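So you can see what is in the structure, the chains are spelled out below.
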Amino acid sequence: MKSLSKAVMSAVAAAVLLLCFVSVSCSVPLACENLLRPLGQPDLHGLEGRRAMIAGSLSHLPLMEPLRRRDSATAEFSSNSGESGISFRRSSRSGDNCHYASYNVTLKGNSFTFKNDNVTTTFVHTSCPDCILLKFDVESEQRQHFYLFSKRRQLEEMEIEEFRAQAQCLNLPPPVVMDPTKDLCPEQHSTNPAAQTENKTETKND
C-alpha cells in the first residue's frame, strides 16, 4: 500500500513539474510577443521632431564596436506631403565629425521602406511615452538593426530595461547605451541626393 502511495505521489509530482515547465516555456514566447508587438500606423504629428538615440543593438557583431565608439546619433521625422509622405533624417557624431543623411519615405501601416533599397523599417511598441523604437531589417544581408530614440537624453532605468528585454527577444547582443552627456550634431536639414546616398550606406553599416 505504501509503495502504491509513493508511486501515486511521484506521478503527481512529475505531472506538476511538467506543468510548471510547460507554463514557463510558453510564457517566454508570449512575453516576447507582447514586447515586440508592432505599432499601428503612427500619427504623423506625434512622430514629428528630433530624437536622440538612447540605445541600440545589431545582429552583425562586427558592427557593434563602431556603434560603441559613436558619441551620439539622432533621428528626425517631419511631414513631407499628403498623409503618408514623410522626411526621415539621421545624424551621427564621432568626435568632431558629424554625418548627416536624409530620405523621403512613405509610411505603409507600421513600417516604411527606403527607395531603391532592401531595408524595411518597422515601428515597434515601447512603453516610453516620448520614444520611437525602430527595427531595421536589411533583407539582402539578413541583418537586424534595433534602435531606441527619445526626445529626452536620458531615460528611466525601467525604460532601458524594457529595451534590453526586447533586444534579447530578438536574439541580439546586449545593447549599447549612449552617453547622454555627449554633444549631438547641430541640426541640418539636407535633401540633396548625396545625403540620401550616404543614408543608405549608414543604414547598412552602422
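Notes on the structure in this doc start here. All figures in this text were calculated on a predicted structure; none of them were measured in a lab.

Analysis parameters
Counting starts from 1 at the beginning of each chain's written sequence and moves along it residue by residue. Predicted model: local features are reported for residues with pLDDT of at least 70 only, side-chain atom pairs are reported and counted for 80 or more only, and whole-chain, interface and lining totals are derived from all residues. Each side-chain value is derived from all of the structure's non-hydrogen atoms; neither hydrogens nor water enter the calculation. Two cysteine sulfur atoms make up a disulfide if the distance between them is within 2.5 Å. By definition, any uninterrupted DSSP run of H or I lasting at least four residues is a helix, any uninterrupted run of E lasting at least two residues is a strand, and each is numbered from the N terminus. Any Lys or Arg side-chain nitrogen found within 4 Å of a carboxyl oxygen on Asp or Glu counts as a salt bridge. The buried label applies to any residue whose accessible area, calculated with a 1.4 Å probe on protein chains only, is under 20% of its type's maximum; exposed applies above 50%, and partly exposed to all values in between. Definition used in this section: a nonpolar core is a set of buried Ala, Val, Leu, Ile, Met, Phe, Trp, Tyr and Cys residues joined via side-chain atoms within 4.5 Å. Contacts are assigned to residue pairs with any non-hydrogen atoms lying within 4.5 Å of each other. Whether a set of points on the 1 Å grid over the protein atoms alone is a cavity depends on a 1.4 Å probe fitting there but being unable to get out, while an open set qualifies as a pocket with protein on both sides within 12 Å along at least five of seven lines; lining residues are those with an atom within 4 Å of a point. Grid points are joined across faces, edges and corners, and a volume is the space filled by probe spheres set on the points. For a helix, the expected span equals 1.5 Å multiplied by the residue count minus one.

Here we look at the state of the cysteines
The full count for this structure, using the stated rule, is three disulfides. The disulfide that involves cysteine 98 links it to cysteine 185, with 2.2 Å between the sulfurs. Residues cysteine 98 and cysteine 185 are joined through a disulfide that is left-handed, its torsion about the S-S bond being -105 degrees. Residue cysteine 98 is found in strand β4 (residues 97-108), and its partner cysteine 185 is found in the loop between β9 (176-177) and α5 (193-205); the two are separated by 87 residues along the sequence.

Observations concerning the pattern of salt bridges
Tallied over the entire structure, the rule returns six salt bridges. Note that arginine 164 and glutamate 157 form a salt bridge whose closest N and O atoms lie 3.2 Å from each other. A residue is classified by how much of its surface remains accessible, and arginine 164, at 31% relative accessible area, is partly exposed. Within this structure, Asp130, Arg152 and Glu159 form a network of salt bridges that share partners.

Observations concerning the nonpolar core
Grouped together as the largest cluster of nonpolar side chains are 27 residues, with contacts concentrated most on Leu47, Phe77, Phe88, Phe112, Phe114 and Leu134. Counting residues per element, this core draws most heavily on strand β7 (residues 131-138), at four residues. Non-local contacts of phenylalanine 112, meaning those with residues more than four positions away in its chain, are made with Phe77, Phe88, Val105, Thr106, Leu107, Val119, Thr120, Thr121 and Phe123. Counting 14 residues, the second-largest nonpolar core is a separate cluster that includes Ile54, Cys128, Phe146 and Ile160.

Concerning empty space enclosed by the protein
For the structure shown, the criterion picks out one cavity of 30 Å³ or more. Reported here for the largest cavity is a volume of approximately 70 Å³. Contributing to the lining of the largest cavity are Arg50, Thr74, Glu76, Arg89, Arg90, Ser91, Tyr100, Ala101, Glu187 and Gln188. Elements with a contribution of two residues or more to the lining of the largest cavity: β2 (72-81), β3 (85-94) and β4.

What about helix α4 (residues 157-169)?
With 13 residues, α4 extends 18 Å between its outermost C-alpha atoms, agreeing within 8% with the 18 Å of an ideal straight helix rising 1.5 Å per residue. Among all positions of α4, only Glu159, Ile160, Glu162, Phe163, Gln166, Ala167 and Cys169 are buried. Remark: asparagine 171 follows α4 within two positions and exhibits a positive phi of approximately 60 degrees.

A look at the environment of glycine 46
Its place among the elements puts glycine 46 in helix α2 (residues 44-47). For the pair glycine 46 and aspartate 130, spaced 84 residues apart in the sequence, the C-alpha separation amounts to 8.8 Å.

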